[in-house]
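# Geometric and topological summary
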Amino acid sequence: MLAKPLTLSAPGKAILHGEHAVVHGKAALAVALNLRTFLQIRPSNNGKVLIYFPNIGTSLNWETVRLRTLLTVFSDGLDESKSPSPEQMDALKEFAGITTELSATESLGTLAFLYLYLSISAKYGQIPSVEIVVWSELPTGAGLGSSAAYSVCLAAALLTACGAIGCPVEEEKSVVRWPEEELELINRWAFRGEQVIHGKPSGVDNSVATWGGVLRFQSGKITSLRRVPTLRILLTNTKVSRSTKILVAGVKDKILKFPAIMNPVLASMDAISHECESVLEAMAESPSQEYYPVLEVHLDVAVYMILRKRKADKNLKSLHKAKQCAGLKRFVI
């Protein structure tokens, strides 16, 4: 149980290879970034649950009595093994008073919080009155896993508050993490939060936010790459916000309409992921400059495939051309 304030964080992610293909059972390589989302949770005795988002200037609070009433309605259908249902989402929207006037970020963040709060309460016991503050270094809608980092932080904080997992804080250490079995539980609940936000996520974002490092993700199976080189990756934010849900749906539509064309593209992206994994492992064993041109070719081909799978993306194409003209490498040593 939570006896004192706890501050935790989760990293964003970049997918080196397998963007979109991972949703369709292909391999993806993803790396954790040194940009993070932070959450502080503290016990309270005012009979309310409060969550504050300073990045977007939003503060929400509900009386625990009202939440408990809603909990009785949902107690039979909220579990980490079950996906959120449309009926549950409609009920939560009505409860929170979510309208089209609210921003997508605020609305989805509220729904994810309420769903996880009620789900975890239903399974592990009522969470006491708490105050939560969430802030982030990650831009939203930029493909860097901001929603997954948020979901992981929420799941870890709420599971700790209700006693489902231990509080890993040790006085002699400034940074600690949960044991493996508890990380797995956090990841499962975070995936439900991602479903609330994105509909049908692959699970790769929340896995990277939970474990960090470099992961291979395929069909729900997570493999951590233990020996990889340290890479400096140039990230460019176009400032054009995009919805993962819409992008994934668009790719799926193309696959259904043109399977003979799109399935080989997915297979090629899968092959690139595995090839890149082999190169990264070889680099860790025997560092050499000769590997970087190989990685660049992998990324050039992957970008070409992503551009073909999406509708015309002028910003992405412009950045790709600028990189070629300037002779920039995506990996800088």
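What counts, and where the lines are drawn
Sequence positions are assigned chain by chain, starting from 1 and proceeding in written order. For this predicted model, a pLDDT threshold of at least 70 governs which residues receive local features, and a threshold of 80 or more governs which side-chain atom pairs are given and counted, while totals over whole chains, interfaces and linings are taken from all residues. In computing side-chain properties, one takes all heavy atoms of the structure into account and sets aside hydrogens as well as water. To qualify as a helix, a DSSP run of H or I must reach at least 4 residues; to qualify as a strand, a run of E must reach at least 2; elements of each kind are numbered from the N terminus. In this scheme, a residue with accessible area under 20% of its type's maximum is buried, one over 50% is exposed, and one in between is partly exposed, where area comes from a 1.4 Å probe on protein chains only. Here the Shrake-Rupley method, with its probe set to 1.4 Å, supplies the accessible areas, and only the displayed protein chains count as covering residues. Confidence of the predictor in every single residue is expressed as pLDDT, which spans 0 to 100. Salt bridges are identified by distance alone: a Lys or Arg side-chain nitrogen within 4 Å of an Asp or Glu carboxyl oxygen. Working definition: a ring pair exists when centres of Phe, Tyr or Trp rings (six-membered ring for Trp) sit within 6.5 Å. Plane angles under 30 degrees give stacked, over 60 give edge-to-face, the rest tilted. Only buried residues count toward a nonpolar core, which is a set of Ala, Val, Leu, Ile, Met, Phe, Trp, Tyr and Cys residues joined through side-chain atoms within 4.5 Å. Contacts are assigned to residue pairs with any non-hydrogen atoms lying within 4.5 Å of each other. Criterion used throughout: strands pair if DSSP finds at least two bridges between them.

Scanning the protein for helices and strands turns up ten helices and nine strands. When each of the 333 residues of the protein is scored for burial, the buried share is 46%. When the accessible surface of the protein is totalled, it reaches about 16600 Å², and 54% of it is carbon and sulfur.

So, about the confidence of the model for the protein. Averaged over all residues, the pLDDT of the protein equals 82, while 83% of them reach at least 70. Across the protein, the secondary-structure element scoring lowest on mean pLDDT is strand β9 (residues 331–332), at 36, and the one scoring highest is helix α4 (residues 146–161), at 96.

For the rest of this paragraph, the subject is unusual backbone geometry. With glycine set apart, most residues show a phi of negative sign, and most peptide bonds adopt trans. Not every positive phi belongs to a glycine, and S219 is a case in point at roughly 50 degrees. Structurally, S219 is set in the loop between β6 (214–218) and β7 (221–224). The class for S219 is exposed, based on a relative accessible area of 59%.

Turning next to the pattern of salt bridges. By the definition in use, this model includes three salt bridges. For D205, the salt bridge identified is with K13, shortest N-O distance 3.3 Å. In this pair, D205 sits in helix α6 (residues 204–211) while K13 sits in strand β1 (residues 6–17), placing the two residues 192 residues apart along the sequence. Two residues, K257 and D253, come together in a salt bridge whose shortest N-O distance is 3.2 Å. In this pair, K257 and D253 both sit in helix α7 (residues 244–257), four residues apart, roughly one turn of the helix.

Summed over all chains, the structure comprises five aromatic pairs. Here F38 and W135 contribute two aromatic rings whose centre-to-centre distance is 5.6 Å and whose plane-to-plane angle is 10 degrees, an arrangement assigned as stacked. Of the two residues, F38 is situated in strand β2 (residues 28–43) and W135 in strand β5 (residues 130–136); the sequence distance between them amounts to 97 residues. Note on W135: relative accessible area 32%, which makes it partly exposed. Seen from their ring centres, F53 and Y150 are 5.9 Å apart, and the 55 degrees between their planes marks the pair as tilted. Here F53, found in strand β3 (residues 48–53), pairs with Y150, found in helix α4; they are 97 residues apart in sequence, far enough to count as distant. On the basis of relative accessible area, Y150 is assigned to the buried category, the value being 8%. Members of the aromatic cluster, joined through ring pairs, are W62, F113 and Y117.

Core analysis: the biggest nonpolar cluster contains 70 residues, and L39, I41, I51, F113, I132, Y150 and I186 have the highest contact counts within it. It is α4 that contributes the most residues to this core, eleven residues altogether. Core analysis: the next-biggest nonpolar cluster, separate from the first, contains eight residues, V22, V204, V208 and L215 among them.

On to the environment of R216. If you trace the backbone, R216 turns up in strand β6. For R216, a relative accessible area of 19% gives the class buried. The spacing of R216 and L29 is 187 residues in sequence and 4.7 Å in space, taken between C-alpha atoms.

Summarising the element assignment, T37 is placed in strand β2. On the accessibility criterion, T37 (2% relative accessible area) is buried. Setting aside its immediate chain neighbours within four residues, T37 contacts L8, S9, A10, V134, W135, S136, L138, S146, A149, Y150 and C153.

One ladder, built from four bridges, connects β6 with β7; its direction is antiparallel. Considered in β7, the bridge of L215 is made with S224. Once β6 ends, the chain turns through two residues before running back antiparallel as β7, passing S219 with a positive phi of about 50 degrees.

Locating T110 in the fold gives a position in helix α3 (residues 104–124). For T110, a relative accessible area of 6% gives the class buried. For T110, the residues in contact, after removing those within four places along its chain, are L60, W62, A96 and I98.

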